[in-house]
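# Understanding the architecture of this molecule
The primary structure of each chain is shown beneath.
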Amino acid sequence: MNIIIIGGGIHGITIALRLLQDHVITKEALQIMEPGPYTQQWQQITSNIDMDYLRSPLVHHVHPNPYDLKKFAKTNEYTQAFSGYYQRPQLEMFNDHIQNAIKENDLEDCHVYDKAVALTKENHLWTVTGESGTYQASHIILATGLNHVHHIPDFLSAVSPARYQHIFDYQQPLNKADVVIGGGITACHAVRKLAADRPVTLIMRHDIRCHELDAEPGWLGPKNMKAFNQTQSYVTRREMIKEARHRGSMPMHLKQSLKYLEVKGKVNIIKGDIKKVDDQIITLTDGREISYHRIALATGCGSDLCQDPLFSQLIQTYQLPTASCGFPVVSHNLEWFDQLYVSGPLAELELGPVSRNIIGGRKAAERIAEALKQAPVSSF
Ligand SMILES: Cc1cc2nc3c(=O)[nH]c(=O)nc-3n(C[C@H](O)[C@H](O)[C@H](O)COP(=O)(O)OP(=O)(O)OC[C@H]3O[C@@H](n4cnc5c(N)ncnc54)[C@H](O)[C@@H]3O)c2cc1C
């Protein structure tokens, strides 16, 4: 057996660490495809918006041992390492912890600096076509997440792309926008950063919604997952996920910081629905008009998997099973097709509302490791 993990983000690294720790695979038989440095997408997006602490608690990170980050913080004597009741980790320390795990496990030896564009299977072997080479493995794990698939609202269809940017498009620095569209934690961080230089307008469809976490902790275990697992209908499962995930929300302390900026006159918070946008004016459905220079979109990732050519090619070539929401229908051990496993949003209909979070990487890693323990180990 040899494995290629596509995506060296948080989930890719979490899964690799687990497979190595459980001796499911040797380092020599493992490759991780990531076009740039490991976790670059995560690091760039979060640093572009000056995020200081994570939203999730201290036990959610890449290492298989939940207390490893706490130990790391203590050993390296970080100050203000965790914040608040949920002990949210400081971003810089969280990232150092990942780099430390990569180094300790020599994961750089597994790194293939390439982007996967197509996958084909022949004679029990997968071939991954990358932008600069081809690679083969008996098993594939898709850990690309969806942050590279951006949700661009329809009201921007007539606007020149030079007038807006999506915050997840991390190659563009976030420094010129004077309007942010979105109502969640990413919008809040972006506004806080931009408001340091100039007044910013935040347009959101609803009042600020406060939730400390993306989903309630009951979704981490049987309390809520029992009913989810017993639900056969993927339509109902999707509804349960929608209901459980607090999209467009932020913790109370961030709401307070936003309100403080509003009082100081640095942020203008506008609640309203956008009707149309041209290259200069945003018009709301109630007729209000807001002039702008540049828009930053904090509208999250898209839900059409076929926007990613790799997923589109896979689904079409192998007629892979998807639910009516367009997301994969996978087995209990997250196998989508013959020796092709998934994590993150792709595993959501099996792992539930926390699947696309950091902890979803650990949950996916546990199931995939269990499944692969049955397969014989060999060198690459
Ligand atoms: C601003 C922000 C803050 C967040 N804060 C939290 C938080 O506090 N707690 C939490 O649990 N979650 C948080 N999240 C959600 C977070 O994105 C995920 O938990 C985490 O990044 C998911 O890991 P991932 O590996 O699935 O995705 P990513 O970390 O985005 O990694 C995916 C990787 O796959 C690579 N990739 C994509 N396509 C290909 C391809 N075709 N070939 C090769 N490589 C490819 C990308 O380059 C990327 O590096 C946050 C998200 C954002 C945007």
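What this report covers is the structure whose coordinates are included nearby. From a predicted model like this one, the values you see are computed outputs, not experimental measurements.

### A word on the packing of aromatic side chains
Within a pair of aromatic rings, the relevant descriptors are the distance that separates the centres and the angle that separates the planes. A complete count under the given rule lists seven aromatic pairs for this structure. Summarising the aromatic geometry, the rings of Trp 126 and Phe 337 are spaced 6.0 Å apart at their centres and angled 70° between planes, so their arrangement reads as edge-to-face. In this pair, Trp 126 is assigned in strand 7 (residues 125–130) and Phe 337 in strand 20 (residues 335–337), connecting sequence segments 211 residues apart. What links up through ring pairs into an aromatic cluster is the set Trp 126, Tyr 318 and Phe 337.

### Some words on empty space enclosed by the protein
A complete count under the given rule lists one cavity of 30 Å³ or more for this structure. Every residue lining the largest cavity is listed: Asp 52, Tyr 53, Leu 54, Arg 55, Arg 88, Ile 185, His 189, Pro 251, His 253 and Leu 254. Residue assignment for the lining of the largest cavity shows that the elements contributing at least two residues are helix 5 (185–194) and helix 8 (252–263). In the lining of the largest cavity, the residues fall into five nonpolar, two polar and three charged.

### Remarks on the site of the ligand
The local shell around the ligand holds 29 residues, among which His 11, Glu 34, Gln 41, Arg 55 and Ser 56 are the closest. Backbone polar atom of His 11 to an oxygen atom of the ligand: 2.8 Å apart, as the coordinates give it. Ser 56 is positioned with one of its side-chain polar atoms (N or O) 2.7 Å from a nitrogen atom of the ligand. In isolation the ligand offers 970 Å² of accessible surface; the protein chains occlude 93% of this area. Looking at the shell around the ligand, the elements that each hand over two or more residues are helix 1 (10–21) and helix 2 (40–48). The element that contributes the greatest number of residues to the shell around the ligand is helix 2, accounting for three residues.

### Thoughts on the environment of Ala 187
With respect to the element layout, Ala 187 can be found in helix 5. On the basis of relative accessible area, Ala 187 is assigned to the buried category, the value being 1%. Ignoring any residue separated from it by four or fewer positions in sequence, one finds Ala 187 in contact with Val 180, Gly 182, Leu 202 and Ala 298.

### Considering the sheet that holds strand 16 (residues 274–277)
Backbone-to-backbone hydrogen bonds pair the strands of a sheet. The strands run either parallel or antiparallel. Strands sit in the order 16-17-18 across an open sheet of three strands; the sheet is antiparallel. The open sheet terminates on both sides in strands that have one partner only, identified here as strand 16 and strand 18 (289–291). Ignoring strand direction, the axes of neighbouring strands in this sheet form an average angle of 20°. With three bridges connecting them, strand 17 (residues 281–284) and strand 18 associate as antiparallel partners. Paired with Ile 282 across the bridge in strand 18 is Ile 290.

### Concerning the sheet that holds strand 12 (residues 200–204)
Within the open sheet, the five strands sit side by side as 10-19-11-12-15. Their pairing is parallel. Edge positions in the sheet fall to strand 10 (164–166) and strand 15 (267–271), since each of these pairs with one other strand and no more. Adjacent strand axes in the sheet meet at a mean angle of 20°, parallel and antiparallel pairs treated alike. Seen against the sheet, helix 5 touches strand 11 (179–181), strand 12 and strand 15 and runs at an angle of roughly 165° to strand 12.

### Observations concerning unusual backbone geometry
Comment: phi is negative for the bulk of residues other than glycine, and the bulk of peptide bonds are trans. The phi angle at His 23 is positive, at roughly 55°, despite the residue not being glycine. Mapped onto the elements, His 23 comes out in the loop between helix 1 and strand 2 (30–33). The phi angle at Gln 80 is positive, at roughly 50°, despite the residue not being glycine. Looking at the element boundaries, Gln 80 is found in the loop between helix 3 (68–75) and strand 3 (82–83). Among the residues examined, Gln 80 registers a relative accessible area of 63% and is labelled exposed.

Calculation notes
Residues numbered from 1 in each chain as written. Predicted model: local features only at pLDDT ≥ 70, side-chain atom pairs only at ≥ 80, totals over all residues. Heavy atoms only, no water. Phe/Tyr/Trp six-rings, centres within 6.5 Å; stacked < 30°, edge-to-face > 60°. Helix = DSSP H or I, 4+ residues; strand = E, 2+ residues; numbered from the N terminus. 1 Å grid on protein atoms, 1.4 Å probe; cavity = no way out; pocket = protein on both sides within 12 Å on 5 of 7 lines; lining within 4 Å. Points joined across faces, edges and corners; volume = space filled by probe spheres on them. Nonpolar A, V, L, I, M, F, W, Y, C, P; charged D, E, K, R; others polar. Near = heavy atom within 4 Å. Polar contact = N/O pair within 3.5 Å; in protein donor to acceptor, adjacent residues only side chain to side chain. Areas by Shrake-Rupley, 256 points an atom, 1.4 Å probe, with all protein chains shown as cover. Buried < 20%, exposed > 50% of the residue type's maximum accessible area, 1.4 Å probe, protein only. Contact = heavy atoms within 4.5 Å. Pairing = 2+ DSSP bridges. Axes fitted to C-alpha atoms, helices over the stretch in contact; angles between N-to-C directions.

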